[in-house]
Amino acid sequence: MQDIVLYNTITRKKEIFVPIKSPFVGMYVCGPTVYGDPHLGHARPAITFDLIFRYLKFIGYKVRYVRNITDVGHLENDADEGDDKIAKKARLEQLEPMEVAQYYIDRYQKFMDMLNILRPSIEPRASGHIIEQIDMVRKIIEAGFAYEVNGSVYFDVAKYNEKHNYGKLSGRVLDDLLANTRELEGQDEKRNPFDFALWKKASAEHIMHWPSPWSDGFPGWHLECTAMSTKYLGETFDIHGGGMDLLFPHHECEIAQSVAANGKESVKYWLHNNMITINGQKMGKSLGNFITLEEFFTGNNKALTQAFSPMTIRFFILQAHYRSTLDFSNEALQAAEKGLKRLMDGMDTLKKIKPSDNSSVDVEKYFSDCYAAMNDDFNSPIVISILFDAVKTIYSAYDDKEKLTSADIEKLKKLFENFALEILGLNDDTANQYSGSVDGLMNLILALRQNARTNKDYAASDKIRDELAKLGIVIKDTKDGASWSKE
RNA sequence: GGUCUCUUGGCCGAGUGGCUAGGCACCGGUCUGCAAAACCGCCUACUCCGGUUCGAAUCCGGAAGAGACCUCCA
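Here's a quick rundown of the structure. For clarity, every value in this text was computed on a predicted model and none was experimentally measured.

## A few points about the pattern of salt bridges
Step number 1: Per the counting criterion, the structure on display carries 28 salt bridges.
Step number 2: Between arginine 138 and aspartate 135 there is a salt bridge, and its shortest N-O distance comes to 3.3 Å. Separated by 3 residues within a single helix, arginine 138 and aspartate 135 lie in helix α4 (residues 130-142), roughly one turn from each other.
Step number 3: Among the residues examined, arginine 138 registers a relative accessible area of 36% and is labelled partly exposed.
Step number 4: Aspartate 135 sits in the partly exposed class, given a relative accessible area of 35%.
Step number 5: In this structure, the salt-bridge partner of aspartate 408 is lysine 411, at a minimum N-O distance of 3.8 Å. Placement of both aspartate 408 and lysine 411 in helix α14 (residues 406-423) is noted, with a separation of 3 residues, approximately one turn of the helix.
Step number 6: A relative accessible area of 31% means that lysine 411 is categorised as partly exposed.
Step number 7: Linked by salt bridges that have partners in common, Asp37, Arg107 and Glu294 make up one network.

This is how it looks when you write it as structure tokens:
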């Protein structure tokens, strides 16, 4: 098993990864709130933790990866008095709330599939775990860290902080928070502005609600993650992931809930991915500066100069380390598109190399370097740079400037299969997706063109090339004859 | 205002106390009937000002700029 070092947000240090019960690994990641179309920002954590999921499995861990779907509970505004987001959307569109949720769940899963993101082991929905959430509220009340007012239940942060440390994850001090807090409307039920809802009584017009010991209402929005992670991964588990923007208050509240309900902290390693920026600013729902994934794939957005394939998006995101901000621009995406093509073409060229009796390249080093990069906090940009080095070697060998034995050629194939395809999850989404008959037709056309070239009938051969180009088919002349690919 | 983070070449982005990733773009060359692809070469950066050091872009201090969180957000 490889020795992984990962950056733990709660200690702000890189730590050696030691699972609680190896070879089993429990990983929980905050998933989407399904009230809008998935955008580029959603792709970042999904791809980041897909990378981690893939790598942990690859090196032999048995991973249970849980990523929730929030289809209830996120409130429309900070006062905790607003409409449930799902419910509000539903009224606007005259649909059942669950119909809206289902629509966006389907959209989310469809686009995540296109990005070649593996489905998690479990994708629990908040609405399906109301019982567990009610149970957790009860536990927290029994422990004395929550109070009921008018059918709503709030977490008593000040009381919790007397015995525990509220703010340890995000580096906040409660007294500082209180000194700087804003006066918000509709907080009159709370004893303290930083108390947060565990259960909210539903108002008359609030469509989504469930019975509970306190009122017909709905769970507070931090609660689902604690309830579901506990249910599926146990009271303690290895990795909890999510976007950096969730650090406070969401993950802070999760810690408080776990400690209050179960008497202990549940998470060993907190991992947070950074944001994607656009013009230097966070791309987010609230700023309205997001570009949806569908818009990327179709190019149908004013900010985009062209469409970008799902694999281009995936490669773009993997080219930055997950803890760095990543700045979106058309130029950066175009660079990713071309870089990915070079990588994929390199893999293809590998098949055409003629083996030598000896090798002039140390192929093993590519493996050890790739492992070292992944083991160092999942450094995908370094892995990619090593793969590009390997591509350079491949082309050099193809041009007879380097030598590779057949065994080393096989190792290089393995390198790309393991790291490019299996771990980074890349694939060639521009690859020929045609049946055998199209292949046959193309081979016929290429043969005719080769005839023309042999006869120096360049008018004919160029016409074939140009006409195919108009159809988006690119001909590549190599020393071993012509090949073709879809643009 | 509070807490925290960042500042790398034309662009995107790694990284390390000295050996200065990678991709894209540009330019020059090889190859090609021409082109594309490929190959070779070229460009050589680390916001600013101090300090520590034989040596710092990398460590420390300060300044400026940008950003994140503090309210829903991936």
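## Quick look at helix α1 (residues 40-58)
Step number 1: Between the first and last C-alpha of α1 there are 26 Å, a value that for 19 residues agrees with the 27 Å anticipated at 1.5 Å per step.
Step number 2: The buried count for α1 comes to 15 of 19 residues, which makes it a mostly enclosed element.

## Looking at the sheet that holds strand β5 (residues 146-149)
Step number 1: Here 4 strands make up an open sheet; going across it, the order is β5-β6-β7-β8 and the pairing antiparallel. Whereas interior strands pair on both sides, the edge strands pair on one side only; in this sheet they are β5 and β8 (217-219). Here the average twist between neighbouring strands, direction ignored, is 20 degrees.
Step number 2: Here strand β7 (residues 196-201) runs beside β8; their pairing, made up of 3 bridges, is antiparallel. Considered in β8, the bridge of lysine 200 is made with phenylalanine 218.

Cut-offs and rules
Residues numbered from 1 in each chain as written. Chains lettered and ligands numbered in written order. Predicted model: local features only at pLDDT ≥ 70, side-chain atom pairs only at ≥ 80, totals over all residues. Heavy atoms only, no water. Salt bridge = Lys/Arg side-chain N within 4 Å of Asp/Glu carboxyl O. Helix = DSSP H or I, 4+ residues; strand = E, 2+ residues; numbered from the N terminus. Buried < 20%, exposed > 50% of the residue type's maximum accessible area, 1.4 Å probe, protein only. Expected span 1.5 Å × (residues − 1). Pairing = 2+ DSSP bridges. Axes fitted to C-alpha atoms, helices over the stretch in contact; angles between N-to-C directions.

Shape is all these values report; function is a separate question.
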